[in-house]
Amino acid sequence: MITIKTLLVSFGLLLVSSAVLAQPPWQFKQAVNVTNTVGKGIFHHLESAGRRNIAVSENQVAIAWEDDRNGVPTIYVARKSRSDSGFNSEIKISGNGDAFEPGIVALSEDRFVVVWEENEHVYTRIAGRDSLGAVIKLGDAL
């Protein structure tokens with residue numbers, strides 16, 4: 001027996017699948033460098049908690065990652081306006097300990113919240129347009 005609920009769910013699924021099929025195909029353009037720091041033995045880690053390495057807030061795009069260019073895993077953020085062709089210089093976000101698994105979320109006014117693990121604790125700070133907020137330790141040790 002078909003119920004009204006079944007019909008509504010079927011209709012909703014049809015609408016969603018139609019919208020997905022109507023999307024234009026992906027277009028891949030030339031890659032955009034996020035950082036100019038490259039070299040033998042440097043690997044930029046783009047895996048993170050919840051796979052949230054890229055965020056967009058109004059006119060800004062920001063990317064958070066971890067790399068060990070100085071021999072210690074460190075968290076960096078680079079940002080760009082949507083209209084710019086490239087990213088600005090990266091900013092060190094974490095402290096001096098081994099830092100891993102960054103995540104980034106957009107706020108209003110082109111600000112971002114960055115979170116990461118460092119020395120068995122979770123830390124966060126706001127990355128504003130022109131400044132960084134204080135580093136805040138969240139909770140007890142992991």
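Residues numbered from 1 in each chain as written. Predicted model: local features only at pLDDT ≥ 70, side-chain atom pairs only at ≥ 80, totals over all residues. Heavy atoms only, no water.

Caption draft 1: Quick look at the sheet that holds strand S7 (residues 121-127). Judged by pairing direction, the sheet is antiparallel, and its four strands sit side by side in the order S5-S6-S7-S8 without closing on themselves. Edge positions in the sheet fall to strand S5 (99-106) and strand S8 (136-138), since each has one partner strand and no second. Strand after strand, the sheet turns through a mean of 25° between neighbouring axes, direction not considered. Looking at chain direction, S7 and S8 are connected through three bridges and run antiparallel. Note on S8: the bridge partner recorded for Val122 is Leu138. (Pairing = 2+ DSSP bridges. Helix = DSSP H or I, 4+ residues; strand = E, 2+ residues; numbered from the N terminus. Axes fitted to C-alpha atoms, helices over the stretch in contact; angles between N-to-C directions.)

Caption draft 2: Up close: the packing of aromatic side chains. Summed over the entire model, instances satisfying the criterion amount to two aromatic pairs. Each ring, one from Trp65 and one from Tyr76, has its centre 6.0 Å from the other, and the planes form 25°; the classification is stacked. Of this pair, Trp65 sits in strand S2 (residues 60-67) while Tyr76 sits in strand S3 (residues 74-81), placing them eleven residues apart in sequence. Taking the relative accessible area as the measure of exposure, Trp65 reaches 2% and is therefore buried. Taken together, a centroid distance of 6.1 Å and an interplanar angle of 20° make the contact between Trp116 and Tyr123 stacked. (Phe/Tyr/Trp six-rings, centres within 6.5 Å; stacked < 30°, edge-to-face > 60°. Buried < 20%, exposed > 50% of the residue type's maximum accessible area, 1.4 Å probe, protein only.)

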